[in-house]
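# Structural description and commentary
Read off the chains here:
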Amino acid sequence: MPPVGIQLHSLLFKLLLRRRLSSLSAAAPNSTPFGVSSRPADHRPSPPSNPSFASASPDAVATKDIHPDPLSSLHIRLFLPNPHHHHATAAAGGPPPPPPPLRRNSFPQNHHDDARAPPGQGLSRRASASFRGVPSAQARDYGGYLPTPAARPARRLPVIVQFHGGAFVTGAADSAANDAFCRRVARLCDAIVVAVGYRLAPESRYPAAFEDGVAVLRWIAKQANLAACGRAMSKGAGADTFGAAMVEPWLAAHADPSRCVLLGVSCGANIADYVARKAVEAGKLLDPVRIVAQVLMYPFFMGSAPTQSELKLANSYFYDKSTCLLAWKLFLPEGEFSMDHPAANPLVPGRGPPLKLMPPTLTVVAELDWMKDRAIAYSEELRKVNVDAPVLEYKDAVHEFATLDALLKTPQAQACAEDIAIWVKKYISLRGHELSY
């Protein structure tokens with residue numbers, strides 16, 4: 001049983017969540033393609049993005065917000081661990097190397113300035129955006145991190161695509177809790193985290209959130225291909241600005257999309273599993289993106305045939321069964337509500353592709369979560385077809401014990417993140433000899 005403080009917080013949480021769901025159900029907002037990806041009233045003010053590794057970012061993780069689709073509210077927050085921190089720690093007792101110049105690599109060349117600049121300090125002509133005509137004085141006002149290939153060879157990092165929780169109707173990629181969790185994951189896994197702010201229900205019902213997840217994977221693939229084209233053409237006949245205005249510089253310089261992991265939290269786990277299936281079906285169409293593993297943290301799975309945990313823990317902490325059913329009614333299209341809907345039940349017959357083609361899957365469950373048995377059953381079915389699918393169950397833990405704002409700083413939440421990092425490194429390491437379960 002969790003501490004009394006958590007039990008009291010759970011009561012307040014459920015009261016507020018039910019009130020929010022009832023309000024959304026009564027208001028019946030019109031469905032719009034643009035949608036919304038956050039509800040500021042549902043969480044503490046979102047921390048602003050900080051694109052530098054300055055003292056304002058004590059965990060050495062820089063962040064950046066991106067809106068990849070102008071026709072929808074789809075939102076992305078990138079988390080980049082300091083790619084040069086590895087070089088600093090590698091030097092035994094030596095002082096860390098100076099950070100790369102904080103300047104955009106996309107401003108027009110000033111040949112007079114370049115002639116006086118020390119070797120390796122000239123601005124690269126391969127760009128991430130077009131800033132033609134911007135005075136050089138204003139160009140250097142940018143204080144965020146931008147890769148400068150001449151300063152140091154870029155270190156490639158794996159990519160973790162993260163989907164937040166919130167029962168499909170609340171939460172945000174840049175909420176205070178999700179920001180802190182993604183920073184922790186980026187630091188522990190030494191990976192770029194792409195937090196997806198998918199469209200929320202009921203403004204955007206199924207399959208909008210799921211399609212947003214696939215769209216982000218395609219966006220990452222597009223970024224990698226544009227960056228590769230830019231690098232190849234820069235060695236040719238001077239056509240070195242191909243696709244420059246669309247290339248995201250952090251991903252172009254440091255992302256290794258061939259080592260991509262999906263990480264879903266609560267309802268985000270349902271999205272991650274859907275995206276993994278679509279990636280399997282797409283095959284080489286997503287090159288160079290390759291899903292090497294996925295992590296499902298206390299999935300939001302349901303089904304018509306009740307399991308033992310659903311019967312015993314239906315009135316469990318934070319997310320009880322009645323509240324979750326109301327959330328599903330807001331998320332699924334009107335008239336299509338079913339507890340065996342493919343979005344809710346991963347083992348419904350006829351859902352492709354074959355499980356044997358799924359990537360290695362780590363499932364995290366909480367002892368006091370009423371949805372745990374169905375997540376465990378899904379993991380068992382994956383193991384039956386020889387997919388690496390371990391289960392980590394945490395004693396006296398509640399749903400979202402490692403990601404809720406009030407529980408993020410608990411030892412159990414920290415231990416969970418560390419356990420996930422140990423397993424994930426088995427698949428994202430270039431060496432492949434990390435300890436795993």
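The structure presented is a predicted model; accordingly, all values stated were derived computationally and were not measured. (Residues numbered from 1 in each chain as written. Predicted model: local features only at pLDDT ≥ 70, side-chain atom pairs only at ≥ 80, totals over all residues. Heavy atoms only, no water.)

## A few points about the overall build of the protein chain
Our working definition: Numbering of helices and strands starts at the N terminus; helices are DSSP runs of H or I of at least 4 residues and strands are runs of E of at least 2. Note on exposure labels: buried denotes an accessible area under 20% of the residue type's maximum, exposed denotes more than 50%, and partly exposed covers the range between, all computed with a 1.4 Å probe on protein chains only. Residues are treated as being in contact if the distance between any of their heavy atoms lies within 4.5 Å. Accessible surface is estimated by sampling points in the Shrake-Rupley manner with a 1.4 Å probe; for residues, cover comes only from the protein chains shown.
Looking only at helices and strands, one finds twelve helices and eight strands in the protein chain. Counting only residues that meet the buried cut, the protein chain has 53% of its 437 residues in that class. A fraction of 78% describes how many contacts in the protein chain between residues 6 or more apart in sequence connect residues 24 or more apart. Counting every atom, the protein chain has about 19200 Å² of accessible surface; 58% of that belongs to carbon and sulfur.

## Comments concerning the side chain of serine 72
How we decide: Here a polar contact is taken to be a pair of N or O atoms separated by no more than 3.5 Å, where protein atoms must pair a possible hydrogen donor with a possible acceptor and residues adjacent in sequence count only if both atoms sit in side chains.
Structurally, the position occupied by serine 72 is in the loop between strand E1 (61-66) and strand E2 (75-81). Here the side chain of serine 72 touches aspartate 69 through a polar contact of 3.2 Å, side chain to side chain. Only 3.3 Å separates the side chain of serine 72 from the backbone nitrogen of leucine 74, close enough to count as a polar contact. Beyond its immediate chain neighbours, meaning those up to four positions away, serine 72 contacts Pro33, Phe34 and Arg199.

## A look at helix H8 (residues 267-282)
For clarity, the cut-off: Given the number of residues in a helix, its expected span is that number minus one, multiplied by 1.5 Å.
In this model, H8 (16 residues) spans 23 Å end to end at C-alpha, consistent with the 22 Å of a helix rising 1.5 Å per residue. Taking burial as the measure, the 16 residues of H8 include twelve buried ones, the bulk of the element. Listing the buried residues of H8 in full gives Cys267, Gly268, Ala269, Asn270, Ile271, Ala272, Asp273, Tyr274, Val275, Ala276, Arg277 and Ala279. Glycine 283 sits one or two positions beyond H8 and adopts a positive phi of about 60°.

## Focus: the environment of threonine 170
Looking at the element boundaries, threonine 170 is found in the loop between strand E3 (157-163) and helix H5 (176-189). Take threonine 170: its relative accessible area is 11%, and that puts it in the buried class. In the structure, threonine 170 is positioned 132 residues away from serine 38 in sequence and 6.8 Å away in space, judged by C-alpha atoms. A polar contact of 2.9 Å, which involves the side chain of threonine 170, links it to the backbone oxygen of glycine 166.

## Looking at unusual backbone geometry
With an omega of 10°, the peptide bond running from tyrosine 206 to proline 207 counts as cis. Assignment of secondary structure puts proline 207 in the loop between strand E4 (192-197) and helix H6 (208-234). A cis geometry characterises the amide bond from glycine 352 onward to proline 353, with omega recorded as -5°. Structurally, the position occupied by proline 353 is in the loop between helix H10 (321-331) and strand E7 (361-366). With a phi angle near 70°, phenylalanine 168 is a residue other than glycine that sits in the positive phi range. Secondary-structure assignment places phenylalanine 168 in the loop between E3 and H5. Even without glycine at this site, aspartate 190 takes up a positive phi of about 50°. Within the secondary structure, aspartate 190 sits in the loop between H5 and E4. With a relative accessible area of 28%, aspartate 190 lands in the partly exposed category.

## Here we look at the sheet that holds E4
Convention followed: Pairing between two strands requires that DSSP report at least two bridges joining them. Think of each axis as a best-fit line through the C-alpha atoms, taken over the contacting stretch in the case of a helix, with angles from 0 to 180 degrees between the N-to-C directions.
Taken together, eight strands build an open sheet; the order of strands is E1-E2-E4-E3-E5-E6-E7-E8 and the sheet is mixed. Of all the strands in the sheet, the pair left with one neighbour each is E1 and strand E8 (391-394). Neighbour to neighbour, the strand axes of the sheet diverge by 20° on average, direction disregarded. As defined by bridge partners, E2 adjoins E4 across five bridges and the pair is classed as antiparallel. Counted as the bridge partner of arginine 77 is alanine 195 from E4. Contacts between H8 and the sheet are confined to E3, strand E5 (255-265) and strand E6 (291-297), with E5 contributing the most and set at about 140° to the helix.

## A short note on the packing of H5 against helix H12 (residues 411-428)
When two helices pack together, their arrangement is captured by the angle between the axes and the distance separating the axes. As a reminder of what qualifies: In this scheme, roughly parallel covers angles under 35 degrees and roughly antiparallel covers those over 145, while 65 to 115 is roughly perpendicular and the rest are oblique. Two helices cross in a left-handed way if the nearer one is turned anticlockwise from the farther one by less than a right angle. They cross in a right-handed way if the turn is clockwise.
Contact pair H5 / H12: the axes reach a minimum separation of 9 Å and the direction vectors enclose 45°. Taken together, H5 and H12 sit at an angle that is classed as oblique. In terms of crossing hand, the pair formed by H5 and H12 is right-handed. Residue-level inspection shows Arg184, Leu188 and Cys189 of H5 in contact with H12, the latter providing Ala413, Gln414, Ala417, Glu418, Ala421, Val424, Lys425 and Ile428.

## Remarks on the packing of aromatic side chains
Here is the rule we go by: Planes of paired rings set the category: under 30 degrees apart is stacked, over 60 is edge-to-face and the rest tilted, where pairs are Phe, Tyr or Trp rings (Trp by its six-membered ring) whose centres lie within 6.5 Å. We call a charge positioned over a ring when the NZ of a Lys or the CZ of an Arg lies within 6 Å of the ring centre and within 35 degrees of the ring normal.
For the structure shown, the criterion picks out 18 aromatic pairs. Geometrically, the ring pair formed by phenylalanine 13 and phenylalanine 318 is edge-to-face, given 5.3 Å between the ring centres and 70° between the ring planes. With phenylalanine 13 in helix H1 (residues 4-27) and phenylalanine 318 in the loop between helix H9 (308-312) and H10, this residue pair connects regions lying 305 residues apart in the sequence. The exposure class of phenylalanine 318 is buried, given its relative accessible area of 0%. Geometrically, the ring pair formed by tyrosine 298 and phenylalanine 401 is edge-to-face, given 5.6 Å between the ring centres and 65° between the ring planes. Note that tyrosine 298 is positioned in the loop between E6 and H9 and phenylalanine 401 in the loop between E8 and H12, a separation of 103 residues in sequence. Each member of the pair, tyrosine 298 as well as phenylalanine 401, is classed as buried. Taken together through their ring pairs, the aromatic side chains of Phe168, Tyr206, Phe210, Tyr274, Phe300, Trp328 and Phe331 make up a single cluster. Over the ring of phenylalanine 337 we find lysine 329; its NZ or CZ atom is 5.6 Å from the centre of that ring.

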